[in-house]
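So you can see what is in the structure, the chains are spelled out below.
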Amino acid sequence: MHAGLIHLVITLVFQATILRDMEKFAGWWRIGFIYFASGIGGTMLSAILIPYQPEVGASGALYGVLASLIVEVVVNWRIYKSPLLELAKLVLLVALLFLAGLLPWIDNYAHIGGFIFGFLTSFVVLPHVNFSEEDRIAKLVVQIACGVLSVVLFTLLFVVFYLAQGSTCEGCIYINCIPFTDSFCQDSTMELRPRIGN
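Chains are numbered independently. Their residues run from 1 in the order of the written sequence. Confidence filtering applies because this is a predicted model: local features only for residues at pLDDT of at least 70, side-chain atom pairs given and counted only at 80 or more, and all residues used for totals across whole chains, interfaces and linings. Based on all heavy atoms of the structure, the side-chain values leave hydrogens and waters out of the count.

## Considerations on the environment of Trp 105
Moving on, step 1. Its place among the elements puts Trp 105 in the loop between α4 (83-100) and α5 (108-125).
Moving on, step 2. Taking C-alpha positions, Trp 105 is 8.0 Å from Cys 177, a pair spaced 72 residues apart along the chain. Counting from the N terminus, the helices are the DSSP runs of H or I reaching at least four residues and the strands are the DSSP runs of E reaching at least two.

As structure tokens, this is what we get:
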């Protein structure tokens, strides 16, 4: 499901361009793993923080793929002619998209969760070039650490979602929508509140 034709077109264009190129680079199963892990992680974070807000689309998963682009530059830093420029372009793109998430009805919690899980799982599954034995060992340590952290975070979100969900973060509403006027975020029901029945 998507929130209208524009939302659907943006998702399809992203999948037909960036996602396709990443699949060619890393293989369908790696990108599929990153995509699904990011989508599930982002949706779980959103469901914990704003449990009564309907959510549509695959934006958490798409942010995970954006995170994988950043990881690809970081891991293969020496291959790029100007890696700092490539990294700066990607960080600027992600920052602009996060800023767009401050508008009503856009779920920045899913974006943040998807980005975090995409970042961690990309370190685990994306292919990389080893430039020395020390480089190989360092990348292996990072892979293991990110894999463990991904499992721990997913388990934590799972436990909080089912057993201990009760949002009390006072300023967190501004992550999802900044009320530029008194009624700007009013209709989006992005208030953090515990689920009924807890």
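## Remarks on the confidence of the model for the protein chain
Moving on, step 1. In this model, the protein chain carries a mean pLDDT of 82, and residues with pLDDT of at least 70 account for 86%.
Moving on, step 2. For the protein chain, helix α7 (residues 173-176) is the element with the lowest average pLDDT, namely 75, and α5 is the one with the highest, namely 92. Confidence scores labelled pLDDT are given residue by residue by the predictor and lie between 0 and 100.

## Section: helix α3 (residues 59-75)
Moving on, step 1. By this rule, a helix spans an expected 1.5 Å times one less than how many residues it contains. Its 17 residues place the ends of α3 24 Å apart at the C-alpha level, agreeing with the 24 Å of an ideal helix rising 1.5 Å per residue.
Moving on, step 2. Within α3, 16 of the 17 residues are buried, leaving the element largely enclosed by the surrounding structure. Residue exposure (1.4 Å probe, protein chains only): buried if accessible area is under 20% of the type maximum, exposed if over 50%, otherwise partly exposed.

## As for the pattern of salt bridges
When their charged atoms lie close together, side chains carrying opposite charge are able to pair.
Moving on, step 1. Throughout this description, the term salt bridge denotes a Lys or Arg side-chain nitrogen within 4 Å of a carboxyl oxygen of Asp or Glu. All told, the structure shown has 4 salt bridges when counted by the stated rule.
Moving on, step 2. One salt bridge in this structure joins Arg 20 and Asp 21, with 3.5 Å as the shortest N-O distance.
Moving on, step 3. Overall, Arg 20 belongs to the partly exposed group, its relative accessible area being 42%.
Moving on, step 4. For Asp 21, a relative accessible area of 41% puts it in the partly exposed group.
Moving on, step 5. Between Lys 89 and Glu 86 there is a salt bridge, with its nearest N and O atoms 3.5 Å apart. In this pair, Lys 89 and Glu 86 are both assigned in helix α4, 3 residues apart and thus about one turn of the helix distant.

## Concerning the nonpolar core
Moving on, step 1. Counting 29 residues, the largest nonpolar core has Ile 31, Tyr 35, Phe 115 and Leu 126 as its most contacted members.
Moving on, step 2. Of all the secondary structure elements, the ones that give two or more residues to this core are α1 (5-26), α2 (28-49), α3, α4 and α5.
Moving on, step 3. Counting residues per element, this core draws most heavily on α3, which supplies 11 residues.
Moving on, step 4. Only heavy atoms enter the contact rule, under which two residues are in contact if any of them lie within 4.5 Å. Leave out the neighbours within four places in its chain, and Tyr 35 touches Gln 15, Leu 19, Ala 58, Ala 61, Leu 62 and Val 65.
Moving on, step 5. What makes a nonpolar core is a set of buried Ala, Val, Leu, Ile, Met, Phe, Trp, Tyr and Cys residues whose side-chain atoms join them at distances within 4.5 Å. Ile 48, Ile 50, Tyr 109 and Cys 172 belong to the second largest nonpolar core, which has 9 residues in total.

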